[in-house]
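# Structural overview
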Amino acid sequence: MSHRITIFIYNFVYEDSIFLFYAFREGAGRLRPTYFEEALSDFVYDAASGGAIRHLVDLGYSLEQILQALSYPAPREKVQKTLYRYMLESGLLRKTLPDEDGKRSVWKKTAERVTQTEGFRTVRLELSYRERVYRYLYEKIEENGEENVYLSCPFGMLFRQEGERITDSERLREKLPCLNRREQDYLIGIPWENMVMYHRLNDRMREIGRKLIFCPELGCGYYFMKTREAAVGAAEQDGR
């Protein structure tokens, strides 16, 4: 029995380049959605929105701020996916710290959180002296440069219950009591994986990190790549 296959060719021009997308239909039935049609849809979306979203990520916008800033409606899920992909591709967000010495990283599990420890001298900051903490962080950031400072982020685990990601934003905010609503929005809008991730310092994370360091129970800490130091807040049980 023979089958008739119709091939549709989409010609799409963008910035003086021509892109061809193909779709197929068997017999005389309706044209089925294909991988190529989906690719075309994604391409059109990225051409229209991708650049703007990436620019706003560079400015430190949260997912909510990006959705409000776009002058046209865009699906929340797609915008979040574009945000996350760009954060990974640009190195703003990492699953491991940069290994400058080319050595294999060693991981240590402590209090149900995994952190990268090899080659770093850990500094425990006495949190009762707030101004000293601020001065230490300022000096270390100046010494290393923002591009060489990372904040460990266990939010992928913190934002889960029984292995499932919590979707209720108000429940998520309860887990970040030391931050204001705008700062909470930034962290909640990132689709963290179920592991400790590392956010390179920028203006937004510099603001957030100054508060997170005073909540040692969250498990966040600074990693200074040039001086190979890790700074964490000293919890009361650490010796006070």
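The rules behind the values
- Residues numbered from 1 in each chain as written.
- Predicted model: local features only at pLDDT ≥ 70, side-chain atom pairs only at ≥ 80, totals over all residues.
- Heavy atoms only, no water.
- Core = buried A, V, L, I, M, F, W, Y, C linked by side-chain atoms within 4.5 Å.
- Buried < 20%, exposed > 50% of the residue type's maximum accessible area, 1.4 Å probe, protein only.
- Contact = heavy atoms within 4.5 Å.
- Helix = DSSP H or I, 4+ residues; strand = E, 2+ residues; numbered from the N terminus.
- Expected span 1.5 Å × (residues − 1).
- Arc of directions from axis to C-beta.
- pLDDT = per-residue confidence, 0-100.
- Pairing = 2+ DSSP bridges.
- Axes fitted to C-alpha atoms, helices over the stretch in contact; angles between N-to-C directions.
- Parallel < 35°, antiparallel > 145°, perpendicular 65-115°, else oblique.
- Nonpolar A, V, L, I, M, F, W, Y, C, P; charged D, E, K, R; others polar.

### Overview of the nonpolar core
L125, F155, L187, W192 and Y222 are the most contacted members of the largest nonpolar core, which has 50 residues in total. Not counting residues up to four positions away in its chain, the partners in contact with L187 are F155, F159, L176, L179, W192, M205 and I208.

### Regarding the environment of G60
On the secondary structure map, G60 appears in the loop between α1 (35–58) and α2 (63–69). Along the sequence, G60 and Y186 sit 126 residues apart, while their C-alpha atoms lie 8.4 Å from each other. Apart from the residues lying within four places of it in its own chain, the contact partners of G60 are Q65, Y186 and R204.

### Here's the deal with helix α4 (residues 130–144)
The first and last C-alpha atoms of α4 sit 21 Å apart over 15 residues, in line with the 21 Å expected at 1.5 Å per residue. Buried within α4 we find V133, Y134, Y136, L137, K140, I141 and N144. Buried residues in α4, looked at end-on, bunch into an arc of 160°, giving them a common side. Summarising the geometry of α4, the exposed residues directed more than 90 degrees from the buried face are E131, R132 and Y138. At its buried positions, α4 is contacted by β6 (121–125), β7 (149–153), α8 (203–212), β11 (221–224) and β12 (229–233). Of the residues trailing α4, G145 is marked for its positive phi of about 85°.

### Notes on the confidence of the model for the chain
Residue-level pLDDT values for the chain average 79, and 70% of them are 70 or greater. Note that residues 5–25 has pLDDT below 50 and, in this model, 56 contacts with residues that lie over four places away or in other chains. Here residues 100–115 is a poorly scored stretch, pLDDT under 50, and it has 34 contacts once near neighbours within four places are set aside; other chains count.

### Thoughts on the environment of R173
When you line up the elements, R173 lands in helix α6 (residues 169–174). Placed 14 residues apart in sequence, R173 and L187 show a C-alpha to C-alpha distance of 9.6 Å. What R173 contacts, discounting residues up to four positions off in sequence, is R181, Q184, D185 and I188.

### Topic: the sheet that holds strand β10 (residues 197–200)
Read across the open sheet, the six strands follow the order β3-β10-β7-β11-β12-β6; overall the sheet is mixed. Of all strands in the sheet, those bounded by a partner on one side alone are β3 (93–94) and β6. Across the face of the sheet, α4 comes into contact with β6, β7, β11 and β12 while running at roughly 30° to β11. Sitting on the sheet, α8 is in contact with β7, β10 and β11, with an inclination near 55° to β7.

### What about the packing of helix α7 (residues 181–188) against α8?
One can describe the packing of α7 onto α8 by two numbers: an axis separation of 11 Å at closest approach and a directional angle of 110°. Taken together, α7 and α8 sit at an angle that is classed as roughly perpendicular. Packed against α7, whose contacting residues are R182, E183, Y186 and L187, the element α8 presents R204, M205, E207, I208 and K211 at the interface. Counted by class, the contact of α7 with α8 contains four nonpolar, no polar and five charged residues.

### Thoughts on the pairing of β7
Each regular strand shows side chains that alternate between the opposite faces of the sheet. Here β7 lies mainly inside the structure; five of its five residues are buried. Where β7 lies against β11, three bridges are found, and the strand directions are antiparallel. Paired with Y150 across the bridge in β11 is Y223. Two elements, β7 and β10, share four bridges in a ladder whose sense is antiparallel. Bridged to Y150 within β10 is R200.

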